[in-house]
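# Structural description and commentary
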Amino acid sequence: MTASATGLRAAESFIAAYGRVPTVRWAAPGRVNLIGEHTDYNDGFVLPFALPHNVVAAAAKVPNPVWTVVSEGMDERVTFTVDDLEPGKVEGWAAYVAGVVWALREAGHEIGGADLALASDVPVGSGLSSSAALECSVLGALCALYGVDIPEDDRPALAQRAENVYVGAPTGILDQSASIRCREGHALFLDCRTGEAEHVPFDLAARGLTMLIIDTRAPHRHVDGEYAARRADCEKAADALGLRALRDLTLDGLDDALARLDSPVARRRVRHIVTENQRVLHTVGVLRDGVEPRRLGELLTESHASMRDDYEITVGEVDLAAEAAVAAGAYGARMTGGGFGGCVIALCDTDKTAEISAAVHKAFVAAGYTPPAAFPATASAGSRGLG
Ligand code: GAF
């Protein structure tokens, strides 16, 4: 799958909907978070890489401030005007589009009307960040269309604002940063407090390794409410400890801090965030070192256990996928993304990926779960214009 093939479909869909050719097409990828889960809204560290799967937005100007959007696979054509540019006015998938128009205009950028058509290869509801890819493709297309020059490093916050305020999901900055700032062959080591980033070489193929993505297809359960609850738990704990954010607590101070918290739930949440930040730093060290990437496996498995036992965001399907992959020979495995379903990543020798996928499939059938999908992921390019 390539962005240019997705771009072609977006252009065809544009022509079919509007009877003319688009003037810009902008691709934005989904992501895998290698490690650093739920650390972003705690001002912590994350380490995503971009997938080769993209959303492409094809667009052309219209003379009035009216936006129309079609999306491959959706029957409806959604139109909204300036009156709809208030949080909550446009709902469903088109809210992500309206949210971006709203965020850009709110920030003072002169974005006029547009016809838009979307095509996507990013699996939806799998925790691979299809919503952020959609936002970032629309953001890039509208900026290109209206000649609005926003530095790459400032774009994620705009897309995040669309999601937080317009759509109403209290997410951090991980997904939009990954979609916009990632580079081919690299993972993005991001400090979510300062926005500082390092592109860390991440080429597993050269070492005979593959990162296998196992999409458990588990239906997301209570994901919105639970996500907001985890965020609130962390903010409350930081407050109780007199910290600006849990990022300000390190392993050295962890035991003392835990002793000061009354609630066992708060203690578990804090322990996950502090140890997870540490695991990101450790992972970056292993990648920078470049000597033995197989050592990443242990960190992935530890991260999974922390999400399962301390942050309590895994479900039976993801636990089984991670366990079965490791039992079949993966060096390590963890759930990636917000949780309560979605995907597991497993670090495998390339020549063992088929065997490991088959073992996970077999374990799912035995447990009575819907069989998962599995595919390899390579670190791909961040969002860009396709011309
Ligand atoms: C979701 C959110 F959108 C991110 O901001 C991040 O918190 C992630 O869950 C968990 O790491 O993808």
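Residues numbered from 1 in each chain as written. Predicted model: local features only at pLDDT ≥ 70, side-chain atom pairs only at ≥ 80, totals over all residues.

## Some words on the pairing of strand β1 (residues 24–33)
- Here β1 lies mainly inside the structure; ten of its ten residues are buried.
- Taken together, the nine bridges between β1 and strand β3 (residues 48–61) define a ladder with antiparallel strand orientation. Looking across to β3, one finds that V32 is bridged to F49.
- In this sheet, strand β13 (residues 384–385) lies alongside β1 in antiparallel orientation, the contact comprising two bridges. Along β13, the bridge assignment pairs A27 with R384. (Buried ≥ 20, exposed ≤ 12 C-beta atoms within 10 Å, placed from the backbone. Helix = DSSP H or I, 4+ residues; strand = E, 2+ residues; numbered from the N terminus. Pairing = 2+ DSSP bridges.)

## Considerations on the sheet that holds strand β4 (residues 66–71)
- Read from one edge of the open sheet, six strands run β5-β4-β6-β3-β1-β13, paired in mixed fashion. On the outer flanks of this sheet lie β5 (77–81) and β13, each paired with one strand and no other.
- The strands that helix α3 (residues 130–145) touches are β1, β3, β6 (114–120) and β13; relative to β1, the one it contacts most, it runs at about 150°.
- This element, helix α5 (residues 174–181), spans β1 and β3 of the sheet and lies at about 125° to β1. (Contact = placed C-beta atoms within 7 Å. Axes fitted to C-alpha atoms, helices over the stretch in contact; angles between N-to-C directions.)

## Looking at helix α10 (residues 316–327)
- In this model α10 runs 16 Å from its N-terminal to its C-terminal C-alpha over twelve residues, within 8% of the 16 Å that 1.5 Å per residue would give.
- Looking at α10, one finds that the buried residues are E317, V318, L320, A321, A322, A324, A325 and V326.
- Against β9 (209–215), α9 (296–309), β10 (332–336), β11 (343–349) and α11 (353–367) lie the buried residues of α10.
- Two residues or fewer after α10 comes G329, characterised by a positive phi angle close to 120°. (Expected span 1.5 Å × (residues − 1).)

## Quick notes on the pairing of β4
- Bridge analysis of β4 against β5 gives five bridges, and the strand direction is antiparallel. Bridging across to β5, V70 finds its partner in R77.
- Counting the residues between successive antiparallel strands, the hairpin from β4 to β5 contains five residues, one of them, G73, with a positive phi of roughly 85°.
- The pairing of β4 with β6 spans five bridges and is parallel. Paired with S71 across the bridge in β6 is L118.

## Considering the domain arrangement of the protein chain
- Per the domain assignment, the segments of the protein chain are domain 1 (3–202 + 381–385) and domain 2 (205–377).
- Placing the centre of domain 1 and that of domain 2 at their C-alpha centroids yields a distance of 25 Å.
- In this assembly, 29 residues from domain 1 lie in contact with 35 residues from domain 2.
- Contributing elements (two or more residues each) for the side of domain 1 that touches domain 2: β1, β2 (45–46), β7 (186–191) and β8 (197–201).
- Looking at the side of domain 1 that touches domain 2 residue by residue, the classes come out as 17 nonpolar, nine polar and three charged. (Domains from an automatic or database assignment. Nonpolar A, V, L, I, M, F, W, Y, C, P; charged D, E, K, R; others polar.)

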